[in-house]
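# Chains, contacts and geometry: an overview
Listed below are the residues making up each chain.
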Amino acid sequence: MGSSLRGTGSERLLNRGRVDPLGVAFIVVAAIGFGTLGPLARFASDLGFTAVAFALWRAMSSVAALLVVLAAGVALRRVPTTRLGAISRVEWAQLVAMGGFVAGTTVSLFFAFERTTIATALIVFYTFPAWVAIAAVPVFGEHLGGRKIAAIALSGVGLVMLLAAPTEGEGGLDLIGVGLALVASLCQAGFALVGAGGFRSVPSLQSAALLRTFSAGIYAFLLVPLLILLGQGSTITDPLDSPEAWVLILTAGIIGAAIPAVLIIAGYRRIGPTRGAVRMLVEPVTGVFLAAMLLSEQPTPVQLVGGRLVLVGAALVQLTPVSRPGATTQAPVE
């Protein structure tokens, strides 16, 4: 995989005129990996993990895996890296900011998964392309245009249908859960806006390792001390007694974080953010399918229609040409 992840990104965006099967494969595999997080978070909650605790251990295991692979790749001279001192201040600021957005997205989604169905949380989360399109007007000076406005409106109608539909069984519609999914969506939109065309001098594997390290640092130095102050420090370590907990941590960290984090950056650099973001719609499909198969979460017919409208609107927003290159959505990074 070393050769496929090489390059700073600019050369990977030169071939936008044709389909790059390897880039598409990277995106799809990453989306499937991210799509596993809903069921994994639910299983972790059943074992006694809080959202913050599971996010922390997932982040730590993903960082460990990425650093091991990065060190091995450098030692074998198969993986390129950029000297840390050569990374500009602007790129460092982008990486740190995106680490914060990664942490915000992950924790908010994990809390949302605890309160509402995985399907509802993921569909609400995938309103983020609409937020990016709206924010790109003042941030990038883009023009919305009729097609993009219609796509945003379509997502809005779908979201209303999703939230207004009657729910079935436990874990149904919960307004706090929906609000947390919206927070995750806004964090992802912030990541997209900050990271549009950013840190191009840093190769994919190194970028993923730095982003995950910064997000893990937020958990360790901000959220964990807060839990300790609130008298909930034991929730961080208590669930670790069982082997099942470590299986979940390693699965979520490697399959649901480390591998997708590298592939998503490499994929976007090969096929561009617009084409890549459309392929990322595999994530909510994967999450809903796994929730139905493993957790018996069955969306109602109205919710399915509303969810489809949200995803179609998201795809149309991402497919609409923009006046400024690089101002489309970037990869989700739970």
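Conventions used here
- Sequence positions are assigned chain by chain, starting from 1 and proceeding in written order.
- Reporting of local features is limited, given that this is a predicted model, to residues whose pLDDT is at least 70; pairs of side-chain atoms are given and counted only at 80 or more, and all residues count toward the totals for whole chains, interfaces and linings.
- The basis for every side-chain value is the complete set of non-hydrogen atoms in the structure, without hydrogens or water.
- The numbering of helices and of strands both runs from the N terminus, where a helix is a DSSP run of H or I of at least 4 residues and a strand a run of E of at least 2.
- Throughout this description, buried means an accessible area under 20% of the type-specific maximum (1.4 Å probe, protein chains only), exposed means over 50%, and partly exposed covers the range between.
- When a carboxyl oxygen of Asp or Glu lies within 4 Å of a side-chain nitrogen of Lys or Arg, that pair is called a salt bridge.
- Aromatic rings from Phe, Tyr and Trp, with only the six-membered ring used for Trp, were paired whenever their centres fell within 6.5 Å, and each pair was classed as stacked if the ring planes differed by under 30 degrees, edge-to-face if by over 60, and tilted otherwise.
- What goes into a patch is any residue over 30% in relative accessible area without a salt bridge, connected to like charges within 9 Å or, for nonpolar side chains (Val, Leu, Ile, Met, Phe, Trp, Tyr), within 5 Å.
- The Shrake-Rupley method, run with a 1.4 Å probe sphere, supplies the accessible areas, and residue values consider only the shown protein chains as cover.
- To form a nonpolar core, buried Ala, Val, Leu, Ile, Met, Phe, Trp, Tyr and Cys residues must be joined to one another through side-chain atoms within 4.5 Å.
- Contacts are residue-level and defined by heavy atoms, with any inter-residue pair within 4.5 Å sufficient.

Attention now moves to unusual backbone geometry. Its identity is not glycine, yet Arg77 carries a phi of approximately 60 degrees, on the positive side. Within the secondary structure, Arg77 sits in the loop between α3 (51–75) and α4 (89–115). One non-glycine residue, Ser296, lies in the positive phi region at around 60 degrees. Looking at where Ser296 falls in the secondary structure, it is placed in the loop between α13 (282–295) and α14 (301–319).

Mapped onto the fold, Val178 is located in helix α8 (residues 175–195). By relative accessible area, Val178 is classed as buried at 6%.

Opposite charge on two side chains permits them to pair, given that their charged atoms come into close proximity. A full pass over the atoms with the stated rule returns two salt bridges. Residue Arg42 pairs with Glu297 through a salt bridge whose shortest N-O separation is 2.5 Å. One end of the pair, Arg42, is in helix α2 (residues 37–46); the other, Glu297, is in the loop between α13 and α14, with 255 residues separating them in the sequence. The pair formed by Arg42 and Glu297 is uniform in burial state, with each residue classed as buried. Note that Asp174 and Arg115 form a salt bridge whose closest N and O atoms lie 3.0 Å from each other.

Per the stated rule, a full pass over the model turns up eight aromatic pairs. The interplanar angle of 35 degrees and the centroid separation of 5.4 Å between the aromatic rings of Phe54 and Phe110 together place this pair among those described as tilted. You can see Phe54 sitting in helix α3 and its partner Phe110 sitting in helix α4, a full 56 residues away along the chain. Neither Phe54 nor Phe110 differs from the other in exposure class; each is buried. Relative to Trp246, the ring of Trp57 lies with its centre 6.0 Å away and its plane at 65 degrees, an arrangement referred to as edge-to-face. With a gap of 189 residues between them, Trp57 in helix α3 and Trp246 in helix α11 (residues 243–271) connect regions that are remote in the sequence. By relative accessible area, which is 37% here, Trp246 ends up partly exposed. By the ring-pair criterion, three or more aromatic residues cluster together here, those being Phe49, Phe54, Phe110 and Phe113.

The grouping of Leu250, Ile254, Ile255 and Ile259 at the surface amounts to a nonpolar patch, some 320 Å² of accessible area in total. The residue Ile255 is located in helix α11 in this model.

On to the nonpolar core, then. Among the nonpolar cores identified, the biggest contains 84 residues, and Phe49, Phe54, Phe110, Phe113 and Met280 are the most heavily contacted of them. If you tally residues by element for this core, the top one is α11, at 13 residues.

A few words on the side chain of Ser108. If you trace the backbone, Ser108 turns up in helix α4. Since its relative accessible area comes to 9%, Ser108 is described here as buried. Here Ser108 is in contact with Leu180, Val183 and Ala184, once residues within four sequence places are set aside.

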